[in-house]
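Survey of secondary and tertiary structure
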Amino acid sequence: MGYYAFTIRTSLKIKELLIHQLTEQGCLGVIDNNDTFTAYFEGSISIKSVTQELDLAQALLEKAGQEHGLSYQYTLVPEENWNESWKKGFKPMDVGEGFTILPPWEKPKEGRINLIIDPGMAFGTGHHETTRSCLLLMEKHAPGVPKNRFLDVGTGTGILALAASKLGFKHILAVDNDPLAVEATRLNGELNNLSDVDIREGGITAAEGTFDLITANLISGILIEIAREIASRLSSRGIVIISGVLQDQKEEVF
């Protein structure tokens, strides 16, 4: 069947909101190229529903007098060309002072904490701003917490769990409801020669005990739903890093 690849151009102000809306429409993953981004959908999706969402966004922004520069085009990527499509867009990226995210076909950088990610079909390659924000906050706050237990809720490709391992956390748990994400995390653990990540299919209820650092890069509705569960699993000196919340959703979540 293949996959639809939407190449979308818009202003930075609108980009996060648009990615959020497309995620709710079934977007499988995003590659952010600064002035444009590419959003991928299963070939079986109703293409009309996606184009209508983008056309509606254009109309509402224009009605509100917002400068958006929103335009898009899409193509159907044959399934046999999927990996090549990812390779064209997925390039090494430095994040913060130490991390470098790169695909398995690129050479690791010396002197950096290399996170080797085969994006597959799961969200979280590090090209999305919410994932990069989590990595920056982990780099900043990890030195100030005990490094006994780490939990990543909705792990996607497992990038945050892998980063936690390379930051020195002893016991790492990654959970995700999507079996494809669980498999992607297992694969990426092997690519990074890491065997200390416990990967489980399920939500936060699959995590027992308390954790020194918890990450949750999820949409606001899910964060609100599991907020109490997250709080109950936080150790006395631990911290939570959440991402995926839009500016106008802060009060709902916090």
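For the structure given in this document, a descriptive report is provided here.

Reading the values: the criteria
- Residues numbered from 1 in each chain as written.
- Predicted model: local features only at pLDDT ≥ 70, side-chain atom pairs only at ≥ 80, totals over all residues.
- Heavy atoms only, no water.
- Buried < 20%, exposed > 50% of the residue type's maximum accessible area, 1.4 Å probe, protein only.
- Helix = DSSP H or I, 4+ residues; strand = E, 2+ residues; numbered from the N terminus.
- Pairing = 2+ DSSP bridges.
- Right-handed = clockwise from strand over helix to strand, strands pointing away.
- Axes fitted to C-alpha atoms, helices over the stretch in contact; angles between N-to-C directions.
- Expected span 1.5 Å × (residues − 1).
- Contact = heavy atoms within 4.5 Å.
- Core = buried A, V, L, I, M, F, W, Y, C linked by side-chain atoms within 4.5 Å.
- Salt bridge = Lys/Arg side-chain N within 4 Å of Asp/Glu carboxyl O.
- Left-handed = near helix turned anticlockwise from the far one by under 90°.
- Nonpolar A, V, L, I, M, F, W, Y, C, P; charged D, E, K, R; others polar.
- Parallel < 35°, antiparallel > 145°, perpendicular 65-115°, else oblique.

Regarding the pairing of strand β9 (residues 171-176)
Of all six residues making up β9, five are buried, and the element is well covered by its neighbours. Relative to β9, strand β8 (residues 149-153) runs parallel, the two being bridged by five bridges. What sits directly across from F150, in β9, is I172. Following the chain from β8 across helix α5 (residues 159-166) to the adjacent parallel β9, one finds a crossover that is right-handed.

Some thoughts on the sheet that holds strand β7 (residues 113-116)
Within the open sheet, the three strands sit side by side as β5-β6-β7. Their pairing is mixed. The sheet is open, and its two edges are formed by β5 (93-95) and β7, each paired on a single side. With strand direction ignored, the average angle separating the axes of adjacent strands in the sheet is 25 degrees. Here three bridges tie β5 to strand β6 (residues 99-102), and the two strands are oriented antiparallel to one another.

As for helix α1 (residues 12-24)
The end-to-end C-alpha distance of α1, which contains 13 residues, comes to 19 Å, matching closely the 18 Å that a straight helix rising 1.5 Å per residue would cover. Listing the buried residues of α1 in full gives I14, K15, L18, I19, H20 and L22. Buried residues in α1 make contact with β1 (3-9), β2 (29-32), β3 (36-42) and α2 (47-63). Trailing α1 by a residue or two, G26 shows a phi angle of about 110 degrees, which is positive.

Section: the nonpolar core
If you look at the biggest cluster of nonpolar residues, it comprises 27 residues, and the most contacted ones within it are I101, L115, L135, M138, F150 and F169. Mapped by element, the contributors of at least two residues to this core are β5, β6, α4 (129-141), α5, β9 and β10 (197-201). By size, the runner-up hydrophobic cluster in this structure holds 18 residues, among which are C27, F37, A39 and L61.

Brief notes about the pattern of salt bridges
Per the counting criterion, the structure on display carries six salt bridges. Between R200 and E208 there is a salt bridge, with its nearest N and O atoms 2.9 Å apart. For R200, a relative accessible area of 26% puts it in the partly exposed group. Between R233 and E229 there is a salt bridge, and its shortest N-O distance comes to 2.5 Å. Linked by salt bridges that have partners in common, D94, K109 and R112 make up one network.

Examining unusual backbone geometry
Even without glycine at this site, N193 takes up a positive phi of about 55 degrees. Tracing the chain through its elements places N193 in the loop between α6 (179-191) and β10. Judged by relative accessible area, N193 falls into the exposed class, the value being 71%.

Structural notes on the sheet that holds β3
In spatial order, the strands read β2-β3-β1-β4; together these four strands make up an open sheet with antiparallel pairing. This sheet does not close on itself; its edge strands, each paired only once, are β2 and β4 (71-77). Going across the sheet, the axis of each strand differs from the next one's by a mean of 20 degrees, ignoring polarity. By the bridge criterion, seven bridges tie β1 to β4 in an arrangement that is antiparallel. Paired with R9 across the strands is S71, a residue of β4. Across the sheet, α1 lies against β1, β2 and β3, angled at about 5 degrees from β3, the strand it touches most.

Overview of the packing of α1 against α2
The geometry of α1 relative to α2 is characterised by a closest axis approach of 11 Å and an angle of 150 degrees between their N-to-C directions. Taken as a pair, α1 and α2 cross one another with a handedness that is right-handed. Together, I14, L18, Q21 and L22 of α1 and V50, E53, L54, A57 and L61 of α2 make up the contact between the two elements. Here the residues of the contact of α1 with α2 sort into seven nonpolar, one polar and one charged.

Quick notes on the packing of α4 against α5
One way to put it is that α4 packs onto α5 with a least axis distance of 10 Å and a crossing angle of 15 degrees. In terms of orientation, α4 lies roughly parallel with respect to α5. Crossing of α4 over α5 shows right-handed handedness. Between α4 and α5, the contacting residues are T131, C134, L135 and M138 on the first element and I159, L160, A163 and A164 on the second. Here the contact of α4 with α5 is built from residues that sort into seven nonpolar, one polar and no charged.

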